[in-house]
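# Structural description and commentary
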2 protein chains.
Amino acid sequence: MPVTAYWCERAWLPDGVHDHVLLHCDSSGTLVSVESEVDSDGDAIVLPGLTFPGFANGHSHAFHRALRGRTHAGGGTFWTWREAMYAEAARLDPDSYRELATRVYTEMLLAGYTAVGEFHYLHHAPGGARYADPNAMGEALIAAARDAGIRLTLLDTCYLTGGIGAPLSPPQLRFGDGDADAWAARVDELAARYAGAPDVRIGAAIHSVRAVPDTAIAPIALWAKENNAPLHVHLSEQPAENEACHAAYRRTPTELLHQHGALTEHTTAVHATHLTNTDIGLLGAARATACFCPTTEADLADGIGPARELADAGAVLALGSDQHAVIDPFVEARSLEYGERLRAGRRGRFTPAELVTSATAAGHAALGRPGAGCLVVGAPADLVAVRLDTPRTAGVRPDQAILAAGAADVHTVVVGGRTVITDGRHALWPAPSSPASAN
Amino acid sequence: MPVTAYWCERAWLPDGVHDHVLLHCDSSGTLVSVESEVDSDGDAIVLPGLTFPGFANGHSHAFHRALRGRTHAGGGTFWTWREAMYAEAARLDPDSYRELATRVYTEMLLAGYTAVGEFHYLHHAPGGARYADPNAMGEALIAAARDAGIRLTLLDTCYLTGGIGAPLSPPQLRFGDGDADAWAARVDELAARYAGAPDVRIGAAIHSVRAVPDTAIAPIALWAKENNAPLHVHLSEQPAENEACHAAYRRTPTELLHQHGALTEHTTAVHATHLTNTDIGLLGAARATACFCPTTEADLADGIGPARELADAGAVLALGSDQHAVIDPFVEARSLEYGERLRAGRRGRFTPAELVTSATAAGHAALGRPGAGCLVVGAPADLVAVRLDTPRTAGVRPDQAILAAGAADVHTVVVGGRTVITDGRHALWPAPSSPASAN
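Conventions adopted
Residues numbered from 1 in each chain as written. Chains lettered and ligands numbered in written order. Predicted model: local features only at pLDDT ≥ 70, side-chain atom pairs only at ≥ 80, totals over all residues. Heavy atoms only, no water. Helix = DSSP H or I, 4+ residues; strand = E, 2+ residues; numbered from the N terminus. Rg over C-alpha atoms; globule rule 2.2 N^0.38 Å. Buried < 20%, exposed > 50% of the residue type's maximum accessible area, 1.4 Å probe, protein only. Areas by Shrake-Rupley, 256 points an atom, 1.4 Å probe, with all protein chains shown as cover. Lys, Arg positive; Asp, Glu negative; His and termini not counted. Charge placed at Lys NZ, Arg CZ, Asp CG, Glu CD. Salt bridge = Lys/Arg side-chain N within 4 Å of Asp/Glu carboxyl O. Contact = heavy atoms within 4.5 Å. Buried area = accessible area lost by both parts, 1.4 Å probe. Least-squares fit on C-alpha atoms with pLDDT ≥ 70 in both. Pairing = 2+ DSSP bridges. Core = buried A, V, L, I, M, F, W, Y, C linked by side-chain atoms within 4.5 Å. Phe/Tyr/Trp six-rings, centres within 6.5 Å; stacked < 30°, edge-to-face > 60°. Axes fitted to C-alpha atoms, helices over the stretch in contact; angles between N-to-C directions. Left-handed = near helix turned anticlockwise from the far one by under 90°. Nonpolar A, V, L, I, M, F, W, Y, C, P; charged D, E, K, R; others polar.

### Notes on the overall build of chain A
The number of helices and strands found in chain A is 13 helices and 16 strands. Taken against the 2.2 N^0.38 rule, which gives 22 Å for 439 residues, the C-alpha radius of gyration of chain A at 21 Å falls within 12% of a compact globule. Viewed in the frame of its principal axes, chain A has a C-alpha envelope of about 65 × 50 × 45 Å. The buried share of chain A, taken over its 439 residues, is 63%. Put simply, chain A shows about 14400 Å² of open surface, and 53% of that area lies on carbon and sulfur atoms. Charged side chains of chain A number 33 positive and 50 negative; the gap between the two group centres comes to 4 Å.

As C-alpha cells, then:
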C-alpha cells in the first residue's frame, strides 16, 4: 500500500499543539498514523509552521463572490443588496457558473478550506425553464469543486415561494422546482450519480421559512433522513423573516422547523441571528449545528447572534463565509469570538480550541463527514500548514494562532492526501487568461 | 531639481479613482505634479493596481504587539488583559524597546501605513528611575521609526495617577513624571531636538482622566497649543472609566476635558466608545477627531462607539491599530463600517470615500500633518500601491477596494519619495537573525 508521509513542524492534534508530528496517509487519502515528537523520516513532505486539520466552509453561495467590493455604494439594506445578488444570478449559465465557482473554490483552498457546503438554489434557466439535464447547474458546481480540488457537499436547496404565501418573483423562477416532490425527484437523480463518491456529497436544504411553505418542511426533512444526508436551512437572519413567520404561523422560524421534524443533530441552522430563548433551547436540545457566517452577518448588517448561549444550550457551532465578502477561515473564527466580546463586554468567550473545532471538525460534520477535521488515525488527510513567521504570525503562541493568522499565511494545503496548495500557490491561480500573479 | 516620477495604473485622487496617473515628487519628498489619463514617461516607477495615499495609524502602543496571540487563554476582561500588558512593559529598556518597535513599524509599512502616532508613556526605568537621558525611551521609538522608514508623531503622554486620586501602582511608576510641569519640561527638551524634522513630530497626550487629574488637564492642553502640537487622549474606552469620572467629578470624561479647555480641532479622542449625546455634541462642536481602533475595541471587548453620530455632529473620524492584535489599515476601515452595520442594522453607513479619508487624510491631520494623505500637489509623496489581482481583490471595483483588500495585497510603499516596500518586501523583514522569510 503506497503511503505518503508528512512531517509537521507543529500540528494541531485533538489535545493541543504538538511539535514534530509525523503523519502517514494511505492511497485512499486516510491518515494511518499520527506520531508526535519524532524526527522526520527523510522522505516526508515537510509542512512548516503549524498544521491544522483542513478548515470546513459550512455555508457558501459561490456566485455571491462576484459581488465582493461592488455593493457598497449608495447605502441600502439587506434587501437592496439582494437585488444586486439577483442581477448577478440572472447572468449565469452552467458554463459561466462552473468557471466562476472554480475560481471561488480555488480561493477557498488558498485560504485553507478543504471542504465547502454549497447552498445551491440556482437550479434552472432564467425564467425557470429546465436545462436538458435538470441538474446541469449542480453538475457545474461539482465539476468546479473537482477542478479546484476541494471537497464539496452540494446542499441542494428547495426554494418554492417568494415569501410566505407569495409566488416566486421573475428572478426567483429559476430557483424553483414547483413543489417538494419535484425537488426530491431531481435531487434523487443527482444523489444516485454520486453515491459513494469520496469527494462529493449531496445534502438537502430548506432555503428558509420564507421560501418553503410549512407543508413542504417535513417532506424535505424526510428526504434528508432517508438519504442519511445533512439538512441545512437559513434561519432568522433578519428580523423581517421572524415577523413574517409569526404573522403567518404564530411561531418563530425555529419553532416551525421543530414542529415539522426538521430539527435534529443532522440539521444545520445557518445564521441563527435573531433567536428567542425558546429557539435557543430547541436548537440546543436537538444538538443541531448553528453555522455562523460572521463576516457576512456584519457586511449585510444582520447582527450578532447568540453564539455562546447556543453552545451552552447544547448546539454545535460551525462557520461559513456565505457571500464571500471575505474568504478566510481565520477571520471567521476570530470574528465569532470578537462578536461575542462586543455583545457581552467580556473577552475569552470561546477558547482558541473551541474556535478551531468550529472552523474544522464541527463544519465537516455539518457537511456530512463526521470524524473529519481532526488529525487522528482514520480521518481524511486534510492538512493546512500555516506559517508562524510572517508579519502577522511572528511571535504568537501556536495554540492561539487561530486568532492572529490569515489566509495569506497559508503555506500548504493537502486534501485527502493530494497536495493542492504549495507555498501559497494553486495551479489554477492565477487563471491562464488572467493578468493576476500569485497570492 | 531632481524629480522622481511614479506612474500609477490607477490612483485614489481627491475626487475618486483615476486611471493612468503620473505623479512627480521633488527631492524634498513633495508631490509637484499630479496628472491623470496620461502615458508613463518611460522612466517612471510603475505602481500596479490602485495607489492610495499613505495610510495613517492614528493610535499605536508599539509594545502591545508583543501580546498578539498570547492573551486569549483563560477568558478575562480588559483589566486582566492590562496585567499581561504591564508585565510586557516591565521587560523593556531602550535597546529592547527600539528593537521591538522597529519590527512593529516595519510591519506597519508592510501593511501600507506611512505614518504612526505613538501614544508613548513608557518613559522611565522600572520603578520610575530616570534614564541618563530622561527621553531615552522616546528616542528609542524615534530611532525605530527612522530605521523602519515610517513617519512618527511621538505623542508624549502624561501619566500621573493609578486611578482618580490614586497613586501609581508599582508597574505604573515608570510611566510617571510626577506632575504636569515635570512632564512639560521633559517634553520641551525632546521637542527642541526635533524642531523642523520632516519625519518626526512631537505631540502631547493626556493618558486618560484616570491617569491625569483634572488640575493637570489645562496645563497639558496649553503646552499643546503653545507648541502647535496635536493633543491626544484615551476617552471613554470602558464604562468603568465613565463611572469613576462621574463619581469623582460629576461629569463625563468628555465634559471634564471640555471644562478644562482640552477639546479643540487639534484634539484627538481615542476610542470614544461609551459617550452620551452631550459628549457627542461637544466633540462635534469642537471639530475634534475621534480615533476609532475597531480591531482593538473588539479584541478588548470595549464595544462599538457611535461613529456615524460623531461624524454627523461635526467630529472627524480617524483610525488606529492601537494594541496591534491586527496591523492592517484595510481591516480597520472595513471594521469601522461593519461595526456601524451591526449597531444600526443598515448597510452603507459610511461611503468608501469616507472610509479612505478616515484611514488617510484624517489620520495624518490628527498626527499634526494637515494636508498629508491626499495625492495633490504640495502634499507629501506617501504612496501605497495595492494589487487588484490577488485572490482577495480580483474583481472588486477599485473605488470600493478599501472594503476588500488587506495588508497582504500591498505591493509598493513610498514615504516622502523614498520607496520602503517593493513587491511586498521591506529590507528589514525578515530580520537577519530571524528564521522568517518574506511576507
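### Section: the pattern of salt bridges
Residue and element names in this part refer to chain B. Tallying each qualifying case throughout the model produces 50 salt bridges over all chains. The partner of Arg-210 in a salt bridge is Glu-241, and the shortest N-O contact between them spans 3.4 Å. Of this pair, Arg-210 sits in the loop between β8 (200–206) and α5 (214–226) while Glu-241 sits in helix α6 (residues 239–249), and the two are 31 residues apart along the sequence. In this pair, the class of Arg-210 matches that of Glu-241, namely buried.

### Description of the interface of chain B and chain A
Contacts between the two partners involve 54 residues from chain B, matched on the other side by 54 residues from chain A. The largest per-residue losses of area from chain B upon contact with chain A belong to His72(B), Arg347(B) and Pro391(B), which jointly make up 18% of the total buried on that side. Along the contact surface separating chain B from chain A lie four salt bridges. The shortest N-O distance in the salt bridge between Arg341(B) and Asp299(A) comes to 3.5 Å. Only α1 (78–90), α2 (94–111), α9 (294–299) and α11 (329–344) of chain B provide two or more residues apiece to the side of chain B that touches chain A.

### Describing the relation of the copies chain B and chain A
When chain B is brought onto chain A, the operation consists of a screw motion whose angular component is 180° and whose axial shift is 0.0 Å, with 0.0 Å RMSD remaining. Expressed as an axis order, the relation between the two copies is that of a two-fold axis. Relative to the rotation axis, the closest C-alpha in chain B is found at Ala408(B), a distance of 3.2 Å. Taken together, the interface assignments show that 100% of the residues at the interface of chain B recur at the interface of chain A, consistent with an identical surface on both copies.

### Focus: the pairing of strand β14 (residues 410–415) of chain A
Residue and element names in this part refer to chain A. Of all six residues that make up β14, six are buried, and the element is covered over most of its length. One ladder, built from four bridges, connects strand β13 (residues 383–386) with β14; its direction is antiparallel. Of the residues in β14, the one forming a bridge with Val-384 is Val-413. Strand direction decides the pairing type here: β14 and strand β15 (residues 418–422), joined by three bridges, are antiparallel. The residue bridging Val-413 from the neighbouring strand is Ile-421, located in β15.

### Focus: the sheet that holds strand β2 (residues 16–26) of chain B
Pairing is mixed across the open sheet formed by eight strands, whose spatial order is β3-β2-β1-β4-β13-β14-β15-β16 (chain B). Among the strands making up the open sheet, the edge pair consists of β3 (31–35) and β16 (425–426) of chain B.

### Considering helix α8 (residues 277–285) of chain A
Residues and elements named next belong to chain A. Regarding α8, the residues found buried are Asp-279, Ile-280, Leu-282, Leu-283 and Gly-284. Residues of α8 that are buried make contact with β9 (231–235), α7 (253–259), β10 (267–271) and α10 (307–313). Note on α8: the residue one or two positions beyond its end, Arg-287, has a positive phi of about 55°.

### A look at the sheet that holds β13(A)
Strand pairs in the sheet, formed through backbone hydrogen bonds, run parallel or antiparallel to each other. Residues and elements named next belong to chain A. Strands sit in the order β3-β2-β1-β4-β13-β14-β15-β16 across an open sheet of eight strands; the sheet is mixed. Since the sheet does not close on itself, it has two edges, and those belong to β3 (31–35) and β16 (425–426), each with one partner. Strand direction decides the pairing type here: strand β1 (residues 3–13) and strand β4 (residues 45–53), joined by five bridges, are parallel. The partner of Trp-7 across the bridge, within β4, is Val-46.

### Overview of the nonpolar core
Core analysis: the largest hydrophobic core is formed by 122 residues, its most contacted members being Tyr105(B), Ile202(B) and Leu310(B). Not counting chain neighbours up to four residues away, the residues in contact with Leu310(B) comprise Ala272(B), Leu275(B), Ile280(B), Leu283(B), Ala290(B), Phe292(B), Ala315(B) and Leu317(B). Counting residues in each nonpolar core, the second largest holds 121 residues, with Ala101(A), Tyr159(A), Leu367(A) and Ile402(A) among its members.

### A closer look at the packing of aromatic side chains
Residue and element names in this part refer to chain A. Inspection of the entire model under this criterion finds 22 aromatic pairs over all chains. Both rings, one in Trp-183 and one in Trp-223, keep their centres 5.5 Å apart while their planes meet at 70°; by these two values the pair is edge-to-face. In this pair, Trp-183 is assigned in helix α4 (residues 180–193) and Trp-223 in helix α5 (residues 214–226), connecting sequence segments 40 residues apart. In this pair, the class of Trp-183 matches that of Trp-223, namely buried. Through a chain of ring-to-ring contacts, three or more aromatic side chains come together here, namely Phe-63, Tyr-86, Tyr-97, Tyr-121, Tyr-159 and Phe-175.

### A closer look at the packing of helix α2 (residues 94–111) of chain A against helix α3 (residues 136–148) of chain A
Residue and element names in this part refer to chain A. At a minimum axis separation of 8 Å, α2 and α3 run at an interaxial angle of 35°. The handedness of the crossing between α2 and α3 is right-handed. In contact with Pro-94, Tyr-97, Arg-98, Ala-101, Thr-102, Tyr-105, Thr-106 and Leu-109 of α2, α3 contributes Ala-136, Met-137, Ala-140, Leu-141, Ala-143, Ala-144, Ala-145, Asp-147 and Ala-148. Of the residues contributing to the contact of α2 with α3, the split by class is 13 nonpolar, two polar and two charged.

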